[in-house]
Amino acid sequence: MKKIQIAPSILAADMAALGDAVEKAEAGGADMIHVDVMDGHFVPNLTFGPIIIEAVREVTSLPVYVHLMMEAPERYLTAFADAGADYLIVHPETCPHLHRTLQQISDLDVGAGVALNPATSEETLRYVVSMLDVVLVMSVNPGFGGQAFLPEVLPKIRAVRQMLVEVEREAFISVDGGVDVKTAPKVVAAGADLLVIGSAIFKAEMGVAAAIAAIREAVEGS
Ligand code: DX5
Ligand code: ZN
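Residues numbered from 1 in each chain as written. Chains lettered and ligands numbered in written order. Predicted model: local features only at pLDDT ≥ 70, side-chain atom pairs only at ≥ 80, totals over all residues. Heavy atoms only, no water.

A word on the overall build of the chain
So the rule is basically this: Every helix listed is a DSSP run of H or I at least four residues long, and every strand listed is a run of E at least two residues long, numbered separately from the N terminus. Only the C-alpha atoms count toward the radius of gyration. The rule for a globule is 2.2 Å times the residue count to the power 0.38. Partly exposed describes any residue whose relative accessible area lies between the buried limit of under 20% and the exposed limit of over 50%, with all areas from a 1.4 Å probe on protein chains only and scaled to the type maximum. Contacts were defined at the residue level, with two residues in contact if any of their heavy atoms lie within 4.5 Å. Reported accessibility uses the Shrake-Rupley method at a 1.4 Å probe radius. Residues are deemed covered only where the shown protein chains occlude them. His residues and chain termini do not enter the charge count, which takes Lys and Arg as positive and Asp and Glu as negative. One atom stands in for each charge, and that atom is NZ of Lys, CZ of Arg, CG of Asp or CD of Glu.
Secondary structure summary: the chain contains 8 helices and 8 strands in total. Computed over its C-alpha atoms, the radius of gyration of the chain comes to 16 Å, within 12% of the 17 Å expected for a compact globule of 222 residues. With respect to the principal axes defined by its C-alpha atoms, the chain has extents near 45 × 35 × 30 Å. Here the chain, with 222 residues, has 52% of them falling under the buried criterion. Contacts in the chain between residues far apart in sequence, at least 24 positions, make up 65% of those at least 6 positions apart. Accessible surface computed for the chain: about 9,700 Å², of which carbon and sulfur atoms make up 52%. Computed over 15 positive and 29 negative side-chain charges, the inter-centroid distance for the chain is 6 Å.

Below you can see the structure in the form of structure tokens.
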């Protein structure tokens, strides 16, 4: 049975106690910390910049997985790498020169990834697949936490897995949006191995550690 990675998304955490939330996630068995950067242009919301990545970096030893929902992300790649990002994920809609942008990320010694919106085909990855360390399949339209999982992305997860197998590329397939104990087994069965989870971890009544444990139990054996 392969180990499924869990990356809590701090978008759903209490921002007034962010360090505490990250520490709880790490102590509760999280594998990475997911940070959503939103610019108010590519997506209709505003969130974090490099100073928050730096603050997260200081309170955890886990990899910091940065999801860039912003236009012209190439302007900030160095700033995010310097702030301590371990993975930088871009949306192809924001990168007219996607190949070059991924090369720039790799040149910074940071893991490179591409995020696919619900309406974006996996074919976008065809000619960059051998450069990828992470694929992020969005299972909601990006911009907000707490939205309902879109089941129509399940065949896309399978297609991405197939594409990686064909070129023998080792990369995480992550799924982001509406992942919880009910939907996690479906995305894992489709081929995902890295679950990005906001509300179902940080807003869970049972608490962060119990929520992570419940997700792990739900995907064991899928
Ligand atoms: C949405 C973000 C997600 C978000 C997921 O644009 O990319 O990372 O935090 O939140 P939930 O798990 O609540 O759908
Ligand atoms: Zn995200």
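That was the structure; now back to the text.
Here's the deal with the site of ligand 1
Which entries qualify depends on this criterion: The criterion for a residue being near a molecule or strand is simple. One of its heavy atoms has to lie within 4 Å of it. Under this definition, polar contacts are N or O atom pairs within 3.5 Å; protein pairs additionally need one hydrogen-donor-capable and one acceptor-capable atom, and for neighbouring residues in sequence, both atoms have to be side-chain atoms. Under the grouping applied here, Gly and all other residues not named as nonpolar or charged are polar, the nonpolar ones being Ala, Val, Leu, Ile, Met, Phe, Trp, Tyr, Cys and Pro and the charged ones Asp, Glu, Lys and Arg.
Neighbouring residues of ligand 1: 20 residues in total, closest Ser9, Gly143, Asp176, Gly178 and Ser199. Here histidine 34 contributes a side-chain N or O atom positioned 3.3 Å from an oxygen atom of ligand 1. Between glycine 143 and ligand 1, the recorded distance is 2.8 Å, taken from a backbone N or O atom to an oxygen atom. Elements that contribute at least two residues to the shell around ligand 1 include exactly strand S2 (33-38), strand S3 (64-69) and strand S8 (194-197). Top contributing element to the shell around ligand 1 by residue count: S2, with 3 residues. Residues of the shell around ligand 1, tallied by class, amount to 8 nonpolar, 10 polar and 2 charged.

Some words on the pairing of strand S7 (residues 172-176)
Using the following cut-off: Paired strands are those between which DSSP finds at least two bridges. Every crossover in which the path from the first strand over the helix to the second runs clockwise, viewed with the strands pointing away from the viewer, is termed right-handed.
Taking burial as the measure, the 5 residues of S7 include 4 buried ones, the bulk of the element. Direction of pairing for strand S6 (residues 134-138) relative to S7: parallel, over a ladder of 5 bridges. In the strand pairing of S7, valine 134 is matched with phenylalanine 172. Following the chain from S6 across helix H5 (residues 154-166) to the adjacent parallel S7, one finds a crossover that is right-handed. As paired elements, S7 and S8 share 3 bridges and run parallel to each other. Of the residues in S8, the one forming a bridge with aspartate 176 is valine 196. Crossover handedness for the path S7 to helix H6 (residues 184-190) to S8: right-handed.

Thoughts on the coordination of the zinc ion (ligand 2)
The test is simple: The donor set covers N, O and S atoms within 2.8 Å of the metal, switching to 3.2 Å for Na, K and Ca, and it leaves out water, so a site may look short of donors. For four-coordinate sites, all angles between 85 and 135 degrees define a tetrahedron; for four- and six-coordinate sites, opposite donors beyond 155 degrees with the remaining angles between 65 and 115 define square planar and octahedral shapes respectively, and all other cases count as irregular.
Within the protein, the atoms that donate to the zinc ion (ligand 2) are His34 (NE2), Asp36 (OD), His67 (ND1) and Asp176 (OD), at distances of 2.0 to 2.3 Å. Note that the zinc ion (ligand 2) binds 6 donor atoms; their angles at the metal cover 71 to 171°, and the shape is octahedral. All donors of the zinc ion (ligand 2) belong to a single chain; written as a sequence motif, their spacing is H-x1-D-x30-H-x108-D. Taken together, the residues span a long stretch of sequence, with aspartate 36 in strand S2 and histidine 67 in strand S3 at a distance of 31 residues. The exposure class assigned to histidine 67 is buried, which follows from its relative accessible area of 0%.

A few points about the packing of helix H1 (residues 18-27) against helix H2 (residues 50-59)
Packed helix pairs are characterised by how far apart their axes lie and by the angle those axes make with each other. For clarity, the cut-off: Angles shown run from 0 to 180 degrees and are taken between the N-to-C directions of axes, each axis being a line fitted to C-alpha atoms and, for helices, limited to the stretch in contact. Convention used here: angles under 35 degrees read as roughly parallel, angles over 145 as roughly antiparallel, angles from 65 to 115 as roughly perpendicular, and any remaining angle as oblique. Left-handed describes a crossing whose near helix is turned anticlockwise from the far helix through less than a right angle; right-handed describes the clockwise counterpart.
Two numbers describe how H1 lies on H2: the axes approach to 9 Å, and their chain directions differ by 45°. As summarised for this structure, H1 and H2 are arranged oblique, according to the angle between their axes. As H1 packs across H2, the resulting crossing turns out to be right-handed. Two secondary-structure elements touch here, H1 through Leu18, Gly19, Val22, Glu23 and Glu26 and H2 through Ile52, Val56 and Val59. Classifying every residue of the contact of H1 with H2 by side-chain character gives 5 nonpolar, 1 polar and 2 charged.

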